[in-house]
Amino acid sequence: MEEEAGGAPAMHRSTASKNFHFYHMDLYDFEDRLHIFPEETTRMRREVVQAEMTSEPRGAAKGKPQKELEEEVDELVHLYGLEDDHELGDEFVDENMPRIEVSEYPPYGMMRREPAGEQRDWRLSGEAAEAEDPGFGRWGSAGQCQDLREAYRYTRGRASEEYECYVIPEEEDEEEAADVFCITCKTPVRALEKVFDEHKEHEVTPLNKALEIAKDEIHKNMYKLEKQIIEMENFASHLEEVFITVEENFGRQEQNFESHYNEILETLAQKYEEKIQALGEKKKEKLEALYGQLVICGENLDTCKELMETVEEMCHEEKVDFIKDAVAMADRLGKFLKTKTDIEISAQHDFEDQTLDFSDVEQLMGAINTIPAPSAPVINPQAPNSATGSSVRVCWSLYSDDTVESYQLSYRPVQDGSPGKDQAEFIMTVKETYCSVTNLVPNTQYEFWVTAQNRTGLSPASERAVYMTAPSPPIIKSKEIRSCEEAALICWECGNLNPVDSYTVELSQAATPEASGVTESVVGIPTCEALVQLQPRQRYMIYVRALNVGGPSARSEPATVHTTGSYFHLNKHTCHPWLTISEDGLTVVRSEKKTSAGEPFPSNTRFTRCVAVMGNLIPVRGRHYWEVEVDECLDYTVGVAFEDVPKQKDLGADCFSWCLRHTFASSRHKYEFLHNKTTPDIRITVFPRKLGILLDYENSKLSFFNVDISQHLYTFGCQFRQFVHPCFSLEKPGCLKIHNGISMPKHVTFY
Amino acid sequence: MLRPPLSILTASPSAAAAGDKKHKPVNRRRRMALKQISSNKCFGGLQKVFEHDSVELNCKMKFAIYLPPKAETGKCPALYWLSGLTCTEQNFISKSGYHQAASEHGLVVIAPDTSPRGCNIKGEDESWDFGTGAGFYVDATEDPWKTNYRMYSYVTKELPQLINANFPVDPQRMSIFGHSMGGHGALICTLKNPGKYKSVSAFAPICNPVLCPWGKKAFSGYLGTDQNKWKAYDATHLVNSYPGSQLDILIDQGKDDQFLSDGQLLPDNFIAACTEKKIPVVFRLQEANMICFYCVGNGILNGYDHSYYFIATFITDHIRHHAKYLNA
């Protein structure tokens, strides 16, 4: 087809050129230009080729050698085609064509081969990449091929078979175009096909998407298969274990039987030996007896015969002799006859009825199926965390050979004082090798021992083991909880009479009330007090457990801690006797009447001179802020002091405290910022009703504020060599109300 | 009146902050051109001095401005410093050591001169406590002062407009403080313009000028003999008419300030007035904790005095005081 198309104009031209030499050529060329037919002038052809090349952005790198190729092609066309078609346009043409082809093809083939090979290699290596970007490689290469082929076709006016077979795999061309996926037919189709073809009514999806879906599906299946493989492997290993166990068990059983049967056979053989020996002896004895009897019998017979002969001889003797002899004979006969001949058979000829005693053998035989009484079980020491406040889980083990039908577990509380006066013992019968013993007393030691039993009998008792019940839950002293933004100090009562090993504090953020999940726990606390680190501005539920060897107690009742601001209470132990602290521990009152009472005794913990009380601030370095509500006309001192501040001195009178002292006398307010008896001269025009106090360990500062108007009053620069506590003093009857657990106001943060 | 064209012509804050050159073309027509006199890097920011033609004062005026590092990226609050008698814009910026605190808190600090200069008014240079260097932050009503000595309008209107238009400051956040006569200026500017300044503070301010020799001299010169007109520029009197919007006044006073004992400053009168009107003041009478036996033995006072050494000691407290309200 293409050859014809290519060949036809040449033929036409050659025939035409005979009749219309130049005219026709011009006309023809003109027509070419109009229609942009394949048979353009070479100059035009080149332009077209180059335009196509440049308008092909894909595979630019690849296109480069091809572009060069194009140029070479064109050059060749110049060399040959141009001359053929135009300069030597008449009868030479037909002869020229094959000649040119012959000379032309080898260089073409060589040139083509190289890039074609490259292309294929590239396509192969690019196959993985095609999954991600199916359009790029194929389209690029295919497009280039197309271009080349077209260019060739244009220049030569015919297709090169060789060229095609190297460069253009046609079926790939088809595939490239498939860019959508027909769900109905489950096949990739071209987008164009979708519009025109039988897929018109079908549901389609972009090929990429279809690919993803398919991949997903495959991944899911792979996942399933993996899971199955894991399961199967697990099962196989389980089977292996079972196999080994069965093998062992049967091996042991075989051994058991073998030994039993050997025993029985030995016993039987022994019995046989014994019997045979006994029989032999009996036989020998009997035979000997019979032989003796026989010998005696023979002797008797001989004697009889001799007597007979003697008598016969006597009968033949003379009378005198006869008589003489006869008398002697008669005596002898008389004697002989008197001797009793024993004709009783001394030995019984028949076999005495021997009863064989197989009882022991029977017993042995029986022993194959019956079992010995078990040996004493081994009681385990208490496992950690196995006990609760009212129960323990006791475990023991038996010797593997023993068969046990049940165990008897006995226990009694361990008494330190009077071992003689034993507590009541309790006995339980269980089938398992463990037992949860309930209804016990918390945090108490119990002694346990166990015996095993089967139908054969009872084992000896095991060693005695001491188990301990878990403690009772501690009781958090909610009123003594102190906190700040970063931490809380929790105190609790043990809740047990006997000491416990340690305590665990559990925290959960109470943002979600239904979730009782513990977010954090602090373990191994030896005392009834713990400082736990917390996050600022959160609400925590705090629980405490007591622990002993038996395990942890149940949770204590929860305590709630808000880590907003610092929270403390007034410390009763430091309170001057004239002061009373409110129930909530946040208000201190000095009433009128008590002032008449005498001076209290000096003390190290209690303020005795200055009518003051301390708050117990959490010992955490950081920033603490609290506020105190005061009366404008009240004489008061507020500030901070070391715990060991001399209690017999006024606050601010030494280096152990830093205070704001307000005195109101003759309608004049005086505000002193006292430390070591000195104060700066500061005058304040608006008298605070609520004082803000910022204790800043980090910057070694103590600042006072008038809360209502956010006014900064004064800042002490102070070295806190140890922790300080808030202190409050009332020089006149009145009351101070502390507000704490409040977040720091913004204006305070500037100081 | 000047504001609309100014705001239109204002370059973006960053441009104003970054470009010295860009300040010049702004508002050439309005005689408001800024001429940079100096610029020095200081604590990450820039301490600059500009000169401009003041409309209010009818003369060339210089002012100092500190642009903190923060001003490179956004608008900052403006804090105005009013200096005391005899000072120029230089005293404060070279002696008080305020830059570090201003840099940390991100405050633009503006320090104008204390009076018009070079106006050729007869007698302006005759004494140090009147005329040049002693504008007293009033708008003079008497000849020959009234055309030039309008320092009150200059520091409360013209200068803020100029600053707002040319520098990256937030017009809604401004505060004022000063020393001595400038302390008086800061107090009256605040008390006469409730809400205009977020906060105010002063070092050894002249609290009651109508009763002190300096004030009497200046006010009679600038305002005439009618003492009722004086009261409009007297902090202690202004307190009585103050409507009572939120205000927090910080005053530091050196204990061994000779002008305190001379009765020029009269802080007690101001405190009494504020106490009565419940205007919040924290007044700190500062004294040295150290005792110099040489000084004591020779009868030399060794507490804080009226100098910039005293100011430098407490400038950080004051900057923080303003930052608390400006950066709230």
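Rules and cut-offs
Residues numbered from 1 in each chain as written. Chains lettered and ligands numbered in written order. Predicted model: local features only at pLDDT ≥ 70, side-chain atom pairs only at ≥ 80, totals over all residues. Heavy atoms only, no water. Helix = DSSP H or I, 4+ residues; strand = E, 2+ residues; numbered from the N terminus. Buried < 20%, exposed > 50% of the residue type's maximum accessible area, 1.4 Å probe, protein only. Areas by Shrake-Rupley, 256 points an atom, 1.4 Å probe, with all protein chains shown as cover. Contact = heavy atoms within 4.5 Å. pLDDT = per-residue confidence, 0-100. Pairing = 2+ DSSP bridges. Salt bridge = Lys/Arg side-chain N within 4 Å of Asp/Glu carboxyl O. Axes fitted to C-alpha atoms, helices over the stretch in contact; angles between N-to-C directions. Parallel < 35°, antiparallel > 145°, perpendicular 65-115°, else oblique. Left-handed = near helix turned anticlockwise from the far one by under 90°. Nonpolar A, V, L, I, M, F, W, Y, C, P; charged D, E, K, R; others polar. Buried area = accessible area lost by both parts, 1.4 Å probe. Polar contact = N/O pair within 3.5 Å; in protein donor to acceptor, adjacent residues only side chain to side chain. Phe/Tyr/Trp six-rings, centres within 6.5 Å; stacked < 30°, edge-to-face > 60°. Lys NZ or Arg CZ within 6 Å of the ring centre and 35° of its normal. Arc of directions from axis to C-beta. Core = buried A, V, L, I, M, F, W, Y, C linked by side-chain atoms within 4.5 Å. UniProt positions renumbered as here; feature names shortened; annotations may be inferred. Patch = residues over 30% accessible without salt bridge, like charges linked within 9 Å, V, L, I, M, F, W, Y side chains within 5 Å.

Quick look at the overall build of chain A
Link 1 in the chain: Regarding its fold elements, chain A presents 13 helices and 34 strands.
Link 2 in the chain: The buried share of chain A, taken over its 751 residues, is 38%.
Link 3 in the chain: Approximately 44,100 Å² of chain A is accessible, and the part contributed by carbon and sulfur atoms is 56%.

Examining the overall build of chain B
Link 1 in the chain: If you tally the helices and strands in chain B, you get 13 helices and 9 strands.
Link 2 in the chain: Burial status across chain B gives 60% buried among its 328 residues.
Link 3 in the chain: For chain B, the share of sequence-separated contacts (at least 6 apart) that also reach a separation of at least 24 residues comes to 72%.
Link 4 in the chain: For chain B, the accessible area works out to roughly 12,900 Å², and carbon and sulfur atoms hold 52% of it.

Points about the confidence of the model for chain A
Link 1 in the chain: Averaged over all residues, the pLDDT of chain A equals 76, while 69% of them reach at least 70.
Link 2 in the chain: This model gives residues 81-143 of chain A a pLDDT under 50, and the stretch forms 88 contacts once residues within four places in sequence are excluded.

With respect to the sheet that holds strand β27 (residues 657-665) of chain A
Residue and element names in this part refer to chain A.
Link 1 in the chain: Taken in spatial order, the 6 strands of this open sheet run β21-β24-β33-β26-β27-β28, and their pairing is antiparallel. Strands at the two margins of the open sheet, each flanked by one partner only, are β21 (570-571) and β28 (668-674).
Link 2 in the chain: Two elements, strand β24 (residues 612-615) and strand β33 (residues 724-730), share 3 bridges in a ladder whose sense is antiparallel. Among the inter-strand pairings, A612 is bridged to a residue of β33, identified as S729.

Looking at the side chain of S410(A)
Link 1 in the chain: If you trace the backbone, S410(A) turns up in strand β6 (residues 406-413).
Link 2 in the chain: Residue S410(A) is classed as buried on the basis of its relative accessible area, which comes to 7%.

Focus on the pattern of salt bridges
Link 1 in the chain: Going through the model one piece at a time under the given rule, you end up with 28 salt bridges over all chains.
Link 2 in the chain: Of the charged contacts, one joins R661(A) and E672(A) as a salt bridge, the two residues approaching to 3.1 Å between their closest N and O atoms. Remark: E672(A) occurs in strand β28 and R661(A) occurs in strand β27; sequence separation between them is 11 residues.
Link 3 in the chain: Exposure remark for E672(A): the relative accessible area of 10% places this residue in the buried category.
Link 4 in the chain: One salt bridge connects R683(A) with D268(B), and the closest N-O pair in it is separated by 2.3 Å. Of the two residues, R683(A) sits in strand β29 (residues 681-684) while D268(B) sits in helix α11 (residues 267-277), which places them in two different chains.
Link 5 in the chain: Since its relative accessible area comes to 26%, R683(A) is described here as partly exposed.
Link 6 in the chain: Through salt bridges that share partners, D252(B), R284(B), D317(B) and R320(B) make up one connected network.

Here's the deal with the packing of helix α11 (residues 207-315) of chain A against helix α12 (residues 319-338) of chain A
Residues and elements named next belong to chain A.
Link 1 in the chain: Look at α11 against α12: their axes get within 10 Å of each other, and the N-to-C directions meet at 160 degrees. Judged on the interaxial angle alone, α12 and α11 are roughly antiparallel. The chirality of how α11 crosses α12 is left-handed. Of α12, the residues touching α11 (which contributes N300, T303, C304, E306, L307, T310, V311, M314 and C315) are F322, D325, A326, M329, R332, L333 and F336.
Link 2 in the chain: For the contact of α11 with α12, the per-class residue count stands at 10 nonpolar, 3 polar and 3 charged.

As for the interface of chain B and chain A
Link 1 in the chain: Taken together, the contact between chain B and chain A spans 23 residues of the former and 18 residues of the latter.
Link 2 in the chain: Taken together, the two surfaces of chain B and chain A that pack against each other cover about 1,800 Å², and 53% of this comes from carbon and sulfur.
Link 3 in the chain: When residues of chain B are sorted by the area they lose upon contact with chain A, V282(B), R320(B) and K324(B) head the list and together hold 31% of the total.
Link 4 in the chain: Our count for the contact surface shared by chain B and chain A stands at 1 salt bridge.
Link 5 in the chain: Applying the counting rule to chain B against chain A returns 10 residue pairs in polar contact (both at pLDDT 80 or more).
Link 6 in the chain: Contributions of two or more residues to the side of chain B that touches chain A are made by α11, β9 (281-286) and α13 (308-326) of chain B.
Link 7 in the chain: As judged from the 4 bridges shared by β29(A) and β9(B), these two strands associate in the antiparallel manner. Pairing of I682(A) across the sheet is with R284(B), part of β9(B).

Structural notes on the packing of aromatic side chains
Link 1 in the chain: For the coordinates displayed, the defined rule picks out 44 aromatic pairs over all chains.
Link 2 in the chain: Seen in terms of ring centroids, F92(B) and F177(B) are 6.0 Å apart; in terms of plane orientation they differ by 90 degrees. Their pairing is edge-to-face. Here the residue F92(B) occupies a position in helix α3 (residues 89-95), and F177(B) occupies one in strand β6 (residues 169-179), the gap between them amounting to 85 residues.
Link 3 in the chain: Ring geometry for F203(B) versus F310(B): centroids 5.8 Å apart, planes at 90 degrees, classification edge-to-face. One end of the pair, F203(B), is in strand β7 (residues 200-203); the other, F310(B), is in helix α13, and 107 residues separate them in sequence.
Link 4 in the chain: Three or more aromatic residues joined by ring pairs make a cluster, and in this case those are Y66(B), W81(B), F92(B), Y98(B), F177(B), F203(B), Y304(B), F310(B) and F314(B).
Link 5 in the chain: The ring of F607(A) carries K647(A) above its face, with NZ or CZ at 5.6 Å from the centroid.
Link 6 in the chain: When the ring centre of F642(A) is taken as origin, the NZ or CZ atom of R721(A), which lies over that ring, is 4.3 Å away.

Observations concerning the sheet that holds strand β8 (residues 434-437) of chain A
Working definition: the strands of a sheet are paired by backbone hydrogen bonds and lie parallel or antiparallel to each other.
Residues and elements named next belong to chain A.
Link 1 in the chain: Spatially, 3 strands are ordered β4-β5-β8 in an open sheet, and the strand pairing comes out antiparallel. Sheet topology places β4 (378-379) and β8 at the edges, where each strand pairs with a single neighbour.
Link 2 in the chain: Taken together, the 4 bridges between strand β5 (residues 392-397) and β8 define a ladder with antiparallel strand orientation. Paired with R393 across the strands is S436, a residue of β8.

Some details on α11(B)
Link 1 in the chain: Among all positions of α11(B), only P267(B), F270(B), I271(B), A273(B) and C274(B) are buried. With its buried residues spanning 165 degrees around the axis, α11(B) presents them on a single face.
Link 2 in the chain: On the buried face of α11(B), the contacting elements are β29 of chain A together with α6 (181-192), α9 (235-241), β8 (249-254), α10 (258-261) and β9 of chain B.
Link 3 in the chain: Remark: K278(B) follows α11(B) within two positions and exhibits a positive phi of approximately 55 degrees.

Observations concerning the nonpolar core
Link 1 in the chain: Core analysis: the biggest nonpolar cluster contains 107 residues, and F63(B), F92(B), F136(B), Y222(B) and F270(B) have the highest contact counts within it.
Link 2 in the chain: In terms of residues, this core owes the most to one element, α13(B), which gives 8 residues.
Link 3 in the chain: Other than its neighbours up to four places away in sequence, F92(B) contacts W81(B), S83(B), G97(B), Y98(B), V109(B), A111(B), F177(B), Y308(B) and I315(B).
Link 4 in the chain: Listed in part, the 43 residues of the second largest apolar core include V630(A), V638(A), Y714(A) and L736(A).

A few points about the environment of K271(A)
Link 1 in the chain: Its location among the elements puts K271(A) in helix α11.
Link 2 in the chain: Sequence separation between K271(A) and V361(A) is 90 residues; the distance between their C-alpha atoms is 9.5 Å.

Examining the pairing of strand β1 (residues 34-42) of chain B
Residues and elements named next belong to chain B.
Link 1 in the chain: Here 8 bridges tie β1 to strand β2 (residues 45-54), and the two strands are oriented antiparallel to one another. Each bridged residue has a counterpart across the sheet, and for N40 the counterpart in β2 is Q47.
Link 2 in the chain: Between β1 and β2, which pair antiparallel one after the other, the connecting turn spans 2 residues, and F43 there sits at a positive phi close to 50 degrees.

Description of the UniProt feature "active site" (unreviewed entry) in chain B
Residues and elements named next belong to chain B.
Link 1 in the chain: UniProt's feature table lists "active site" (unreviewed entry) at S180, D257 and H306, given in the numbering used throughout. For the annotated residues, spread through 127 residues, the largest C-alpha to C-alpha distance comes to 10.8 Å, consistent with a single compact locus.
Link 2 in the chain: Here S180 lies in the loop between β6 and α6.
Link 3 in the chain: Discounting chain neighbours no more than four positions away, the residues touching S180 are G84, F203, A204, P205, I206, W214 and H306.
Link 4 in the chain: Tracing the backbone shows H306 in the loop between α12 (293-297) and α13.
Link 5 in the chain: Overall, the relative accessible area of 12% leaves H306 in the buried class.

A look at a nonpolar patch on the surface
Link 1 in the chain: Taken together, the side chains of M232(A), F235(A) and L239(A) make up a nonpolar region of the molecular surface, amounting to roughly 320 Å² of accessible area.
Link 2 in the chain: Position of F235(A) among the secondary structure elements: in helix α11.

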